[in-house]
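# Observations on the model geometry
The chain contents come next:
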Amino acid sequence: MRASFSDAISDLSSLAYQLWPPLLPYRFDRSLLPRATGSRGEPSIDVLTYNVEFSGAAGAAADRVIDAITQASADIVLLQETNPAWERRLASLEYRHVHYHHPTRQLAGGGAVLSR
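Residues numbered from 1 in each chain as written. Predicted model: local features only at pLDDT ≥ 70, side-chain atom pairs only at ≥ 80, totals over all residues. Heavy atoms only, no water.

### A word on the pattern of salt bridges
We count it as follows: Put simply, a salt bridge is a Lys or Arg side-chain nitrogen that is within 4 Å of an Asp or Glu carboxyl oxygen. The helix count covers DSSP runs of H or I at least four residues long, the strand count covers runs of E at least two residues long, and both are numbered beginning at the N terminus.
Summed over the entire model, instances satisfying the criterion amount to 1 salt bridge. Arg-89 is the salt-bridge partner of Asp-63, the closest N and O atoms lying 2.3 Å from each other. Taken together, the residues Asp-63 in helix 2 (residues 60-72) and Arg-89 in helix 3 (residues 84-90) connect sequence positions 26 residues apart.

### Observations regarding helix 2
The cut-off we apply is this: Take the residue count of a helix, subtract one, and multiply by 1.5 Å to get its expected span. Relative accessibility thresholds used throughout: buried, under 20% of the residue-type maximum; exposed, over 50%; partly exposed, between the two (1.4 Å probe, protein chains only). This arc is taken over the directions from the axis of the helix to the C-beta atoms. Pairs of residues are marked as contacts when any of their non-hydrogen atoms sit within 4.5 Å.
Compared with an ideal rise of 1.5 Å per residue, which puts 13 residues at 18 Å, helix 2 spans 18 Å between its outermost C-alpha atoms and is within 8% of the ideal. Every buried residue of helix 2 is accounted for by Ala-61, Ala-62, Val-65, Ile-66, Ala-68, Ile-69 and Ala-72. Relative to the axis of helix 2, the buried residues are bounded by an arc of 155 degrees and lie together on one face. In this fold, the buried residues of helix 2 make contact with strand 1 (47-51), strand 2 (76-82) and helix 3. Two residues or fewer past helix 2, Ser-73 is found with a positive phi of approximately 50 degrees.

Okay, here's the thing in structure tokens:
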């Protein structure tokens, strides 16, 4: 059975969508993060969440993720799509409480919680 032209275009656009995020330059600026305080100006807790699926745990993209986490200086960091390689990479960050869950040894699918 031959694939139609529209099926081919759909497949190509899906592939491009999956490959595009790692190709985009990432710029992190802490000043762009919203600052939350209580209604009376009480102290707040900064939470950063990040899906690392497309970056991999090595290379320039991973370096940008680590830089973003470091610059954000969040009290709690929640990461999605981690794996054992990310666990090793994140060990250099200064978080006191760290929990990883990798249900499989695949390239992604796990999670990480880092807390001061």
